[in-house]
Amino acid sequence: MNTVQSGILSDETHLARYMTFNLVDVEAVKDALLELQKIADGESVVVGFGLSLVTALGVEIQGLHVMPVNTAAGLDIPATPCAMWLWLRGHDRGELFHRSKSLEELLVSAFELTDVVDSFQYNDNRDLSGYVDGTENPEGDAAIEAAIVQGQGEGLDGSSFVAVQQWVHDFDMLDSMTEEEKDNSIGRHISDNEEFDEAPEFAHVKRAAQESYDPEAFILRRSMPWTEGVNGGLVFVAFGKSFDAFEAILNRMLGHEDGIHDALFNFTKPITGAYFWCPAMKNGQLDLSQLGI
Ligand code: HEM
């Protein structure tokens, strides 16, 4: 019986390290993934594979594609596809550092580390803008329904698709906004995290209201803030049973339905974006059968 990489469903991590890799030697991939399979528990490290890796192995994962670049007036949503994504989760920055070094070493014959982003939980699950992030996440069975592939057969069931984007905030802009302007941008009061009826149509929670889509567009967000020097923002991470809900929401945020841009874009923008397929677990190990391994 296949199970989910449990880190996807658990928000209990204080710190994280996101690692992305390119493929450098196709011949060495299978051996490298067999090594990864020995240690990836799906909880302290969640693993996702990009289309280039799946294609290099000569297989197809139904529903996996590359994130499309997207654009609207004055807004660019970049796509930065890569072969593999590791989401290291933990509670100790030193331990995460050492673990990431070991993983890089373990995979070096086939993969080149292209990016590392450190992230953390801030002030009871707040984004660095100060707003609580994740309030309307589905929970329990609803989270599984939203984020996990079911009824597609052995090897696919229990897997998940994830969209990952690094967003950079403009903190000077945020500092220049009144509390009312910020509340109107998000559609919640920063003071008590409550939604309010008179939120404008450009408010983020109005754009993203999951129940307002047809079909409903539920995603499981596991985003975490990041900082480096004086820069910072959010690593937006959204798991889904497909990429459909993410794409529907992003399109409405960009105004593709009604020309109204999400007010988030006034103070933040994505600088990366990629899609990955996160395999299920079988007998405590990553189920790599769909990759022919
Ligand atoms: C830096 C970028 C972003 C920030 C700071 C941000 C922040 C927030 C905040 C504060 C909320 C309200 C509380 C909550 O329910 O979590 C929220 C809700 C939400 N966001 Fe975002 N968000 C960002 C990007 C995105 C993107 C790219 C998507 C999807 C394409 C998205 C989808 C959602 C959804 C689905 C909700 C819940 C809406 C509902 O059903 O009420 N967000 N976000």
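Just so you know, these numbers come straight off a predicted model, no measurement behind them.

## Notes on the packing of aromatic side chains
Scanning the entire structure with this criterion turns up twelve aromatic pairs. Site record: aromatic cluster; members linked through ring pairs are Tyr18, Trp85, Trp87, Phe239 and Phe276. Its guanidinium or amino end placed over the ring of Trp87, Arg89 lies 4.8 Å from that ring's centre, counting from NZ or CZ. Seen from the ring of Tyr213, Arg252 lies directly overhead, with NZ or CZ sitting 3.7 Å from the centre.

## Some remarks on unusual backbone geometry
The amide bond that connects Asp214 to the next residue, Pro215, takes the cis arrangement and shows omega of 0°. Within the fold, Pro215 resides in the loop between helix 7 (204-208) and strand 8 (220-221). Here the phi dihedral of Asn123 falls at roughly 45°; this positive angle occurs in a residue that is not glycine. One can find Asn123 in the loop between strand 6 (111-120) and helix 4 (140-147). Positive phi is not limited to glycine here, since Asn193 has a value of about 65°.

## A short note on the nonpolar core
Counting 60 residues, the largest nonpolar core has Leu33, Leu36, Phe49, Met84, Leu86, Phe111 and Leu291 as the members making the most contacts within it. Element by element, the count of residues in this core is highest for helix 8 (residues 244-253), at five residues. When sequence neighbours within four positions are dropped, the list of residues in contact with Leu291 reads Leu33, Phe49, Val54, Leu57, Val59, Ile61 and Trp277.

## A look at the pattern of salt bridges
Under the definition given, this model contains 14 salt bridges. Among the ionic pairs, Arg89 bridges to Glu43, the shortest N-O distance being 3.6 Å. With Arg89 in strand 5 (residues 84-90) and Glu43 in the loop between helix 1 (29-39) and strand 2 (45-49), this pair connects stretches of sequence that are 46 residues apart. For Glu43, a relative accessible area of 30% gives the class partly exposed. Among the charged side chains, a salt-bridge network with shared partners connects Arg17, Arg93 and Asp118.

Rules behind the numbers
Residues numbered from 1 in each chain as written. Predicted model: local features only at pLDDT ≥ 70, side-chain atom pairs only at ≥ 80, totals over all residues. Heavy atoms only, no water. Phe/Tyr/Trp six-rings, centres within 6.5 Å; stacked < 30°, edge-to-face > 60°. Lys NZ or Arg CZ within 6 Å of the ring centre and 35° of its normal. Helix = DSSP H or I, 4+ residues; strand = E, 2+ residues; numbered from the N terminus. Core = buried A, V, L, I, M, F, W, Y, C linked by side-chain atoms within 4.5 Å. Buried < 20%, exposed > 50% of the residue type's maximum accessible area, 1.4 Å probe, protein only. Contact = heavy atoms within 4.5 Å. Salt bridge = Lys/Arg side-chain N within 4 Å of Asp/Glu carboxyl O.

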